[in-house]
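Remarks on the overall topology
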Amino acid sequence: MASVPRITVDLHGPPQTMLATLYAKALDAQRQQPILRDVWAMDAVAHIDYDWTKTTITDRMSPAVTTRALHFDTWARQFLARHERAVVLHLGAGLDSRVYRLDPGPGVEWYDVDYPSIMQLREQIYPQRAHYHRIAASVTDPGWLDQIAADRPVLALAEGLTMYLTESDGIALLRRIVDRSPSGELQFDAFNRFGVRNQWLNSVVRRSGSTLHWGIDGPDDILAAVPGARLLAWLSPFEADSFRDVPRNYRVMARVMALVPALKTMAQYHRYAF
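What you see is a predicted model, and the numbers here were worked out from it, not measured in a lab.

Leu22, Ile48, Trp52, Leu80, Leu95, Leu121 and Ile125 are the most contacted members of the largest nonpolar core, which totals 44 residues. Looking at this core, the elements with two or more residues in it are helix H1 (14-29), helix H2 (39-46), helix H3 (63-82), helix H4 (98-102), helix H5 (116-125) and strand E6 (154-158). Non-local contacts of Leu80, meaning those with residues more than four positions away in its chain, are made with Ala86, Val88, Leu102, Pro104, Val108 and Trp110. One finds Val139, Leu174, Ala190 and Trp214 within the second-largest nonpolar core, a separate group that totals 32 residues.

The following block contains the structure:
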């Protein structure tokens, strides 16, 4: 990877939370038995001049981030294995290195979409690669979709995004993608309404000054609002294969939380075909 000078960042609100997820992945990469093995995140952290203690992320907390990322890496790989000439819309990409981790083939056109300030930061941290595009726009801005070919299968992937959108903006985004694409999948995580109401318990959200808005209690919320969507999978993170290798303290916590439905589905993984 190309070397870059140390970069100073000054982010607030939802964009600041991407530093927490990046740092969690970097900590994981340094573990003796990493879950995600994101060496790109480790390199990015080394080149960013930032007080990482502000993220509140510790090594013990990192599996909450890395198991989620690994899960969506797996779902994305499954889609790309079936669609060698796909379009990937990585919504709210932040500083995630997913395009480098997955290393899609030459038939895939990959688009990372996020605010201009974040895209500018990505340009300083990550190298260019063939068939990879950066779109500097809010994901809720309808105009950026005009840049995307409308004749290929589309994977719209949003990790750590939906809860920061309003319900109306989130539903409108999903509808636009489904309406203009011939076929594809929607893959995203969500918090239920209980999780949004109790967002003050989330130290990363609280410290960044962010506000969570959209709570999704289950697939019916999406199926009723997005015509053409068909459920493929809906599960708690505790049920995901990626959760199997977490430390014992996480497995104990999961067994306790799974006894209470609102806690078991406080975070959720959603997958739909269209």
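Attention now goes to the sheet that holds strand E3 (residues 87-91). One open sheet holds the seven strands; their spatial order is E5-E4-E3-E6-E7-E9-E8, and the pairing between them is mixed. At either margin of the open sheet sits one strand with a lone partner, and together these are strand E5 (132-136) and strand E8 (230-235). Along the sheet, successive strands turn relative to each other by an average axial angle of 15°, direction set aside. Where E3 meets E6, four bridges bridge the pair, whose relative direction is parallel. Among the inter-strand pairings, Val87 is bridged to a residue of E6, identified as Val154. Where H5 meets the sheet, it contacts strand E4 (109-114) and E5, and its direction lies at approximately 145° from that of E5.

Turning our eyes to something else, we now look at unusual backbone geometry. Phi is positive for Arg37, which is not a glycine, with a value near 60°. Among the structural elements, Arg37 can be located in the loop between H1 and H2. With a relative accessible area of 54%, Arg37 lands in the exposed category. Phi at His131 takes a positive value of approximately 65°, unusual for a residue other than glycine. Within the secondary structure, His131 sits in the loop between H5 and E5. When its relative accessible area of 33% is taken as the criterion, His131 is described as partly exposed.

Residue position: Ser210 is located in the loop between helix H8 (203-208) and helix H9 (219-223). Taking the relative accessible area as the measure of exposure, Ser210 reaches 9% and is therefore buried. Contacts of Ser210, omitting those with residues within four sequence positions, involve Gly13, Pro14, Thr17, Tyr164, Gln199 and Val205.

Here we come to the pattern of salt bridges. Enumeration over the complete set of coordinates arrives at 19 salt bridges. Between Glu185 and Arg82 there is a salt bridge, with the nearest N and O atoms lying 2.7 Å from each other. Placement of the pair is Glu185 in strand E7 (residues 184-191) and Arg82 in helix H3, with a sequence separation of 103 residues. With a closest N to O distance of 2.9 Å, Asp96 and Arg98 form a salt bridge.

The rules behind each value
Residues numbered from 1 in each chain as written. Predicted model: local features only at pLDDT ≥ 70, side-chain atom pairs only at ≥ 80, totals over all residues. Heavy atoms only, no water. Core = buried A, V, L, I, M, F, W, Y, C linked by side-chain atoms within 4.5 Å. Buried < 20%, exposed > 50% of the residue type's maximum accessible area, 1.4 Å probe, protein only. Helix = DSSP H or I, 4+ residues; strand = E, 2+ residues; numbered from the N terminus. Contact = heavy atoms within 4.5 Å. Pairing = 2+ DSSP bridges. Axes fitted to C-alpha atoms, helices over the stretch in contact; angles between N-to-C directions. Salt bridge = Lys/Arg side-chain N within 4 Å of Asp/Glu carboxyl O.

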